[in-house]
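Residues per chain, in single letters:
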Amino acid sequence: MKPFYFDYNATTPVMPEVVDAMLPFFTEHFGNPANTSCSLGRAANRAVERAREQTASLIGAESKQITFTSGATESLNLAIKGYAQANANRGRHILTLPTEHSAVLDTLNFLSEHGFEIDYIPLNKIGMPDLERFQFLLRKDTLMVCCMLANNETGHIYPVQEIASMTREAGSIFVCDATQACGKIDVDVNNLEIDFLALSSHKFGGPKGVGALYCKESFDAETLTPLLHGGRHENGLRSGTLNVPGLVGMGKAAEISKASLSKHRDEFSAIKNYLERFFISELGAIGLADAPALSNTLYMRIPGILAKDLIRKLPEVCFSSGSACQAMDGKLSHVPLALGYSNEEAKCFFRLSWGWATKMKEAEQIADLFLGTRS
Ligand code: PLP
């Protein structure tokens, strides 16, 4: 039997329309988009540029502001390391949140071993960044601030608009990991003073291994040190032959996600309300303090029940105790610890997340399965 899939924040199934759009680019239109001297190359190039427009449109950007990458991890590495390396003379202080994804935290750890100083913005009682403390931490030599838009574990939506504008006033640049927000909530770079924004196709119904970095200003290999050197693709920022089927897929997924944002918002909220009520009333679960959060994510704990035991007891349901990367390491998540929970409490947090293909009926079916774990 197919498992009930409630782990959309880890990855999503690829939408059928996306698969259909990609298929011809493996067979018929297999040209190299960099080789526009032949008709197959030109066709591939047109498809890539169409995908760039669709991806840009998801976040209200212009095509020329989009650099294609292999996913959000690479986008964040390019923005953070690339900017730090090319602009270290402007300052070596970086601010971030303790609840960022490891794609940001580990990249900053790497920089801290190379002469950069990293400070963490404290969170307030409801798990949101403390803006007064943030203001206090901003310094003349603060080179950049990295803050995610939505948290992959808790689903928290952070006040990026305020943080970005405070960052701008302090003369620093703002890097935003919008991996979990794109395709779930309205993301419009025109309303946000963001310099760099990372997104990833497999979080909104596209294929894995494809993503994008939005850059507000135009950068080249002098002003943003590339991670990969080679054929100077993507304006020299990301060398390597482009993954045409993958990009076509991401573009299509971006287009569909944008068009269905409001429909999904209502469906997702209905599932969240149902599951939240169920877990509280039937299983004595406790959630987080009331704070802005994604409607596709539920993060709760049942006191005394370890999330790993719950997951083991329910092989029919795919869900998780933290991010997919932590599952790989078998490590305790840093997120509940950063929110002030003890190790014992942190071990009990589990995450359910749903998306474009999830039906309310499935939420009702998994509720029955969770009920069965009590016996
Ligand atoms: N940032 C966040 C918030 C994520 O949830 C993820 C993936 O789980 C990433 C970054 C990394 O994305 P990718 O898998 O595209 O490298």
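Owing to the predicted nature of the structure, the values given are computational and were not obtained by experimental measurement.

Colleague: What exactly am I supposed to notice about the overall build of the protein chain here?
Modeller: Within the protein chain, the secondary structure is distributed over 13 helices and eleven strands. Relative to its length of 375 residues, the protein chain is compact, with a C-alpha radius of gyration of 21 Å against a globular reference of 21 Å. Each of the three principal axes of the protein chain carries a C-alpha extent, and together these read 65 × 55 × 35 Å. Taking all 375 residues of the protein chain together, 55% fall into the buried category. Within the protein chain, counting contacts between residues at least 6 apart in sequence, those at least 24 apart form 72% of the total. On the protein chain, roughly 16,300 Å² of surface is accessible, and the fraction owed to carbon and sulfur atoms is 52%. Mean positive and mean negative side-chain charge positions of the protein chain (36 and 42 charges, respectively) differ by 2 Å.

Colleague: Just checking my understanding: could you explain the sheet that holds strand E2 (residues 66-69) for this structure?
Modeller: Consider a sheet: its strands pair through backbone hydrogen bonds, and that pairing is either parallel or antiparallel. If you walk across this open sheet you meet the seven strands as E2-E8-E7-E6-E5-E3-E4, and the pairing is mixed. The sheet is open, and its two borders are formed by E2 and strand E4 (117-120), each paired with just one other strand. Between one strand axis and the next, the sheet turns through 20 degrees on average, direction left out of account. Direction of pairing for strand E6 (residues 173-177) relative to strand E7 (residues 196-200): parallel, over a ladder of three bridges.

Colleague: When you look at the site of the ligand in this model, what are you seeing that I'm missing?
Modeller: Taken together, the neighbourhood of the ligand is formed by Gly71, Ala72, Thr73, His101, Met148, Asn152, Asp177, Thr179, Gln180, Ser200, His202 and Lys203. Between an oxygen atom of the ligand and a side-chain N or O atom of Thr73, the distance comes to 2.5 Å. Here a nitrogen atom of the ligand and a side-chain polar atom of Asp177 are 2.6 Å apart. The fraction of the free accessible surface of the ligand (390 Å²) that becomes covered by protein chains is 88%. By residue class, the composition of the shell around the ligand is two nonpolar, eight polar and two charged.

The rules behind the values
Sequence order sets the numbering: in each chain, residues are counted from 1 along the sequence as written. pLDDT decides what is reported in this predicted model: residues at 70 or higher carry local features, side-chain atom pairs at 80 or more are listed and counted, and totals for whole chains, interfaces and linings draw on all residues regardless. Calculated side-chain values reflect all of the structure's heavy atoms, with hydrogen atoms and water omitted. Put simply, DSSP H or I for four residues or longer makes a helix, DSSP E for two residues or longer makes a strand, and each gets a number counted from the N terminus. Atoms counted for the radius of gyration: C-alpha only. Globule rule: 2.2 Å times residue count to the power 0.38. Accessibility here uses a 1.4 Å probe with only protein chains present; expressed as a share of the type maximum, an area under 20% marks a residue as buried, one over 50% as exposed, and anything in between as partly exposed. We call two residues in contact whenever any of their non-hydrogen atoms come within 4.5 Å of each other. Computed with a 1.4 Å probe, the accessible areas rest on the Shrake-Rupley method; for each residue, only the protein chains presented here act as cover. When charges are counted, Lys and Arg are positive and Asp and Glu negative, with His and the chain ends excluded. By convention, the point assigned to a charge is CZ for Arg, NZ for Lys, CD for Glu and CG for Asp. When DSSP finds two or more bridges between two strands, those strands count as paired. Geometry is summarised by axes, namely lines fitted to C-alpha atoms with helices restricted to the contacting stretch, and by angles between N-to-C directions that run from 0 to 180 degrees. By convention in these notes, a residue is near a molecule or strand provided one of its non-hydrogen atoms lies within 4 Å of it. What qualifies as a polar contact is a pair of N or O atoms within 3.5 Å, subject to a donor-acceptor requirement within protein and to the restriction that residues adjacent in sequence count only when both atoms come from side chains. Side-chain classes are defined by residue name, with Ala, Val, Leu, Ile, Met, Phe, Trp, Tyr, Cys and Pro counting as nonpolar, Asp, Glu, Lys and Arg as charged, and the others, Gly among them, as polar.

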